[in-house]
Amino acid sequence: MMKDKSNKHPETLLTHSGRDPQAHFGAVNTPIFRASTILQASMAEYKRPKGPREQRYGRRGTPTTFTLEDVIADVEGGAGCVIASSGLNAIALALLSQTKAGDHVLMADCVYGPARNFANKILARFGVTTTFFDPAIGADIDGMFQDNTTVVYMEAPGSQTFEMCEVPAIAAVARKRGAISMTDNTWGTPLFFSPFAHGCDISIHAATKYIVGHSDAMLGAVTYNEATEESVRDMAGTLGVFAGPDDVYLGTRGMRTLAVRLRQHQESALAMADWLWNRPEVDRVLYPPHPKDAGHALWKRDFTGGCGLMGFVLKEATDTGLAAMLDGLELYGMGASWGGFESLILPADPGANRTATTWNAPGPLIRIHIGLEHIDDLIADMDAGFTRLARASN
Ligand SMILES: Cc1ncc(COP(=O)(O)O)c(C=O)c1O
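The written sequence of each chain sets the order in which its residues are numbered from 1. Note on the predicted model: pLDDT of at least 70 is required for a residue's local features to be given, and 80 or more for side-chain atom pairs to be given and counted; whole-chain, interface and lining totals, by contrast, use all residues. Side-chain calculation: all heavy atoms of the structure are included, whereas hydrogens and water are not.

## Notes on the site of the ligand
(1) Moving on: The criterion for a residue being near a molecule or strand is simple. One of its heavy atoms has to lie within 4 Å of it. Surveying the vicinity of the ligand reveals 14 residues, the closest of which are Gly 87, Leu 88, Asp 184, Thr 208 and Lys 209.
(2) Moving on: Here an oxygen atom of the ligand sits 2.5 Å away from a polar atom, N or O, in the side chain of Thr 208.
(3) Moving on: One of the side-chain N or O atoms of Lys 209 is found 2.8 Å from an oxygen atom in the ligand.
(4) Moving on: Taking 390 Å² as the accessible area of the ligand by itself, protein coverage stands at 92%.
(5) Moving on: Most atoms of the ligand, that is more than half of them, are within 2 Å of grid points of the largest pocket. Throughout this description, a polar contact denotes any pair of N or O atoms lying within 3.5 Å of each other; where both atoms belong to protein, one of them has to be capable of donating a hydrogen while the other can accept it, and for residues adjacent in sequence the pair is counted only when both atoms sit in side chains. Per-residue and other accessible areas follow the Shrake-Rupley method at a 1.4 Å probe size, with only the shown protein chains counted as cover for residues. Cavities and pockets are found on a 1 Å grid laid over the protein atoms alone: a cavity is a set of points where a 1.4 Å probe fits but cannot escape, a pocket is an open set with protein on both sides within 12 Å along at least five of seven lines, and a lining residue has an atom within 4 Å of such a point. The rule for placing a molecule in a cavity or pocket is simple: more than half of its atoms must lie within 2 Å of the grid points.

Set out below in structure tokens:
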């Protein structure tokens with residue numbers, strides 16, 4: 001068992017954190033504990049005041065859950081982590097844990113649509129107001145603070161438009177103002193971006209994406225620092241936030257190979273971004289790890305890598321042309337998710353939800369997830385797509 005995690009590299013933490021084989025018959029992986037009732041040895045034991053991981057009841061988690069909590073928190077640099085049933089469940093938990101009636105939330109205009117919907121629909125119902133801000137605002141966010149602002153919510157880069165936020169500057173203003181900053185770190189993953197090292201208090205994951213990594217389970221995670229530990233854990237316990245042990249096990253299994261998978265996603269995504277930048281039909285490619293991206297300098301300063309999710313804006317396309325391009329693809333499935341081993345494609349509509357800023361683009365935005373297929377096959381398939389687009393547009 002790993003004795004000292006403080007001097008280990010992230011890849012080593014991914015491999016060893018949260019495991020204790022000798023506690024489980026020597027099995028390398030923590031087994032799947034299926035449990036609702038967990039029996040106590042005696043009345044004295046039942047009555048003994050318990051720590052968070054001793055409160056024995058299935059909903060409170062088992063070693064299966066604690067293993068995933070520990071490996072995510074260790075790699076990301078948080079004080080701890082709560083596993084939720086989906087990314088959206090994690091978003092709801094994070095926001096509810098830091099707000100009360102009369103509070104005000106600042107939220108980036110580029111966030112995942114359902115996060116925005118949760119603020120506008122549910123938080124509003126409980127007397128919490130939300131103002132949306134330009135993701136490029138940086139330290140000027142200071143001017144948007146109200147006396148009752150308690151939360152700043154970011155997503156960097158945004159998972160539709162790939163706009164970067166100045167996370168450290170925004171988080172520093174939040175801290176100065178006594179507010180909690182949180183960021184949806186699904187794109188960054190626990191491996192490539194540590195919100196905590198950049199001044200944030202809470203990190204949110206749709207673990208459904210790269211953490212599970214194989215498109216076969218829904219899962220979420222909220223990682224917290226020491227200052228927010230009690231409020232996050234208390235809200236999770238109060239709401240009954242929970243994920244089933246089979247899905248949690250798949251999340252842990254995904255974490256063990258996260259580094260090698262992401263390395264390949266990134267290599268292929270960079271090659272695809274380069275190829276797309278050279279296409280005459282493309283206005284711009286949205287992928288911060290590429291040097292031509294508007295957010296590249298921020299990404300390079302704050303992130304240690306990039307995943308396989310990106311976008312590109314076409315100069316022009318009719319609906320018929322776009323359908324001919326997308327429907328004929330062999331290797332890119334049309335599905336509203338990402339982070340699995342397979343490539344995906346979607347037409348996106350980033351202007352639909354924005355209120356603080358407008359989305360300016362000459363043609364449609366296509367979002368793609370670059371999977372683990374050979375890059376030459378992915379490029380050939382996309383190339384044939386552009387040919388169909390041209391034919392159908394003439
Ligand atoms: C950036 C981001 N955050 C959160 C979510 C929500 O995750 P889930 O689908 O697991 O609820 C998604 C899902 O698409 C996402 O892309």
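## Overview of the domain arrangement of the protein
(1) Moving on: Marked domain ranges trace back to an automatic or database domain assignment. Per the domain assignment, the segments making up the protein are domain 1 (10–256) and domain 2 (258–393).
(2) Moving on: Each of domain 1 and domain 2 has a C-alpha centre, and these two points are 27 Å apart.
(3) Moving on: Note on definitions: a residue-residue contact is assigned when non-hydrogen atoms from the two residues lie within 4.5 Å. The partner domain 2 presents 43 residues to the 40 residues of domain 1 that form the contact.
(4) Moving on: In this description, buried area is defined as the sum, over both parts, of the accessible area (probe of 1.4 Å) that is lost when the two are combined. Together, the buried faces of domain 1 and domain 2 total about 3,400 Å²; carbon and sulfur atoms form 63% of this surface.
(5) Moving on: When the buried area of domain 1 at its contact with domain 2 is split by residue, Trp 187, Phe 192 and Tyr 210 rank highest and sum to 26% of it.
(6) Moving on: Basic side-chain nitrogens of Lys or Arg form a salt bridge, by our definition, when they fall within 4 Å of a carboxyl oxygen of Asp or Glu. At the boundary of domain 1 and domain 2, one finds four salt bridges.
(7) Moving on: The residue Glu 163 makes a salt bridge to Arg 354 at a minimum N-O spacing of 2.9 Å.
(8) Moving on: Joining domain 1 to domain 2, the criterion identifies 21 residue pairs in polar contact (both at pLDDT 80 or more).
(9) Moving on: Looking at the side of domain 1 that touches domain 2, the elements that each hand over two or more residues are α1 (10–16), α5 (113–125), β3 (129–133), α7 (189–192) and α9 (245–256).
(10) Moving on: Taken together, the residues of the side of domain 1 that touches domain 2 sort by class into 19 nonpolar, 13 polar and eight charged. Per the convention used, a helix needs a DSSP run of H or I reaching at least four residues, while a strand needs a run of E reaching at least two, with both numbered from the N terminus. Throughout this entry, Asp, Glu, Lys and Arg are counted as charged residues, while Ala, Val, Leu, Ile, Met, Phe, Trp, Tyr, Cys and Pro are counted as nonpolar. The remaining residues, Gly among them, count as polar.

## Notes on the packing of helix α4 (residues 87–97) against helix α8 (residues 226–239)
(1) Moving on: Two numbers describe how α4 lies on α8: the axes approach to 9 Å, and their chain directions differ by 120°. Classed by the angle they form, the pair α4 and α8 counts as oblique. Relative to α8, the crossing made by α4 is right-handed. Within the contact between the two elements, α4 uses Leu 93, Leu 96 and Ser 97 and α8 uses Ser 231, Val 232, Met 235, Ala 236 and Leu 239.
(2) Moving on: Residues belonging to the contact of α4 with α8 are distributed by class as follows: six nonpolar, two polar and no charged. Helix axes are fitted to C-alpha atoms over the stretch in contact, other axes to C-alpha atoms as well, and angles between N-to-C directions run from 0 to 180 degrees. Throughout this description, any angle smaller than 35 degrees is read as roughly parallel, any larger than 145 degrees as roughly antiparallel, any in the 65 to 115 degree range as roughly perpendicular, and the remainder as oblique. Here a crossing is called left-handed whenever its near helix is offset anticlockwise from the far helix by less than a right angle, and right-handed whenever the offset is clockwise.

## Some points on the sheet that holds strand β2 (residues 104–108)
Neighbouring strands of a sheet are bound in pairs by backbone hydrogen bonds; such pairs are parallel or else antiparallel.
(1) Moving on: Two strands are counted as paired when DSSP detects at least two bridges linking them. Strands sit in the order β1-β7-β6-β5-β4-β2-β3 across an open sheet of seven strands; the sheet is mixed. Strands at the two margins of the open sheet, each flanked by one partner only, are β1 (80–84) and β3. Strand-to-strand twist of the sheet, defined as the mean angle between neighbouring strand axes without regard to direction, takes the value 20°.
(2) Moving on: Pairing of β2 with β3 involves five bridges; the strand directions are parallel.

## Thoughts on the layout of surface pockets
(1) Moving on: Grid points are joined across faces, edges and corners, and a volume is the space filled by probe spheres set on the points. There is about 550 Å³ of room inside the largest pocket.
(2) Moving on: Taken together, the residues that form the lining of the largest pocket break down as 17 nonpolar, 10 polar and seven charged.
(3) Moving on: Viewed by domain, the lining of the largest pocket spans two of them, domain 1 (10–256) and domain 2 (258–393), each represented by three or more residues.

## What to know about the packing of helix α12 (residues 319–327) against helix α13 (residues 375–393)
(1) Moving on: As a packed pair, α12 and α13 sit with axes 7 Å apart at the nearest point and diverge in direction by 150°. What the angle tells us is that α12 and α13 run roughly antiparallel. When you trace α12 past α13, the crossing you get is right-handed. Taking contact as the criterion, the partners of Thr 320, Gly 321, Leu 322, Ala 324 and Met 325 in α12 are, on α13, Met 382, Gly 385, Phe 386, Arg 388, Leu 389, Ala 392 and Ser 393.
(2) Moving on: When grouped by side-chain class, the residues that make up the contact of α12 with α13 number seven nonpolar, four polar and one charged.

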